[in-house]
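Here is how the chains run, residue by residue.
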Amino acid sequence: MPSTGAVITIDTDSIPRVSHRSASSGTIFTYYLGNERIDAEAVCSRGFWTVDGQQYKPQSQATRNMLRMACSLRFEPTEDMGTVLVFDPPSNVRVQPNGAVKYALDITAISVYAEPRGDWYSTTVCGGGWIHKS
């Protein structure tokens, strides 16, 4: 899909959630290119999506973010966890609250434990760590 400069919006409610990480490497989702509604399927393990049988690879940061979002939102969190959207990269996962940076996240959805410690949420992402509520 050539770059058009149009705004890409992903309908996060269109992504079916599964309760565990299954062998499935993809998910269906809907996005909008400007005002045009597009139904697609992400092939997460291979880094592309399809629309009506046509394969597309990300060519811009916007399409990379769209594919990352579709792939990361397909899993439901476990019982005492919730899902949050990291939308202001880089967002740091730290070893402990205010501790050393373990990993910098780009735009994605991650699971966090429901009960924060002050302004910090514990997460299992990147092998476990802490992320600030901001």
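Quantities reported herein were computed from a predicted structural model and do not represent experimental measurements. Just so you know, the residues in each chain are numbered from 1, in the order the chain's sequence is written. Given that this is a predicted model, residues contribute local features only at a pLDDT of at least 70 and side-chain atom pairs are listed and counted only at 80 or more, while totals for whole chains, interfaces and linings are drawn from all residues. Neither water nor hydrogens contribute to the side-chain values; these are computed over all heavy atoms in the structure.

*Asks:* What should I look at first to understand the environment of Glu-36 in this one?
*Replies:* By the secondary structure assignment, Glu-36 is in strand S3 (residues 36–43). When the C-alpha atoms of Glu-36 and Ala-6 are compared, they prove to be 9.9 Å apart, with 30 residues separating the residues in sequence. Helix numbering and strand numbering both begin at the N terminus, where a helix is a DSSP run of H or I of at least 4 residues and a strand a DSSP run of E of at least 2.

*Asks:* How do you make sense of the layout of surface pockets when you look at a structure like this?
*Replies:* Any empty space left between atoms is shown by rolling a water-sized probe over those atoms. Of the grid points, spaced at 1 Å and generated over the protein atoms alone, those admitting a 1.4 Å probe that cannot get out make up cavities, while open sets with protein on both sides within 12 Å along at least five of seven lines make up pockets; any residue with an atom within 4 Å of a point is treated as lining. Grid points are joined across faces, edges and corners, and a volume is the space filled by probe spheres set on the points. Each pocket or cavity is described by its volume, and for the second largest pocket that value is around 290 Å³. Around the second largest pocket sit 16 residues that line it, and Ser-91, Ile-131, His-132, Lys-133 and Ser-134 are the ones nearest its centre. Counting only elements with at least two residues in the lining of the second largest pocket, the list comes to strand S6 (81–86), strand S7 (91–94), strand S10 (120–123) and strand S11 (129–132). For this classification, Asp, Glu, Lys and Arg are treated as charged, while Ala, Val, Leu, Ile, Met, Phe, Trp, Tyr, Cys and Pro are nonpolar and the rest, including Gly, are polar. In terms of residue class, the lining of the second largest pocket is built from 9 nonpolar, 4 polar and 3 charged.

*Asks:* I'm lost on the pattern of salt bridges in this one. Help?
*Replies:* Where charged atoms of side chains with opposite charge meet at close range, the side chains can pair. Here a salt bridge means any side-chain nitrogen of Lys or Arg lying within 4 Å of a carboxyl oxygen belonging to Asp or Glu. Counting across every chain of the model gives 3 salt bridges. Between Asp-106 and Arg-68 there is a salt bridge, with the nearest N and O atoms lying 3.2 Å from each other. Placement of the pair is Asp-106 in the loop between strand S8 (101–105) and strand S9 (108–113) and Arg-68 in helix H1 (residues 61–72), with a sequence separation of 38 residues. Per-residue accessibility, obtained with a 1.4 Å probe over protein chains only, is compared with the maximum for each type, and a residue is labelled buried under 20%, exposed over 50%, and partly exposed between these values. The partly exposed category is assigned to Arg-68, whose relative accessible area is 29%. Of the charged contacts, one joins Asp-119 and Lys-133 as a salt bridge, the two residues approaching to 3.4 Å between their closest N and O atoms. Placement of Asp-119 in the loop between S9 and S10 and of Lys-133 in the segment after S11 is noted, with a sequence separation of 14 residues between them.

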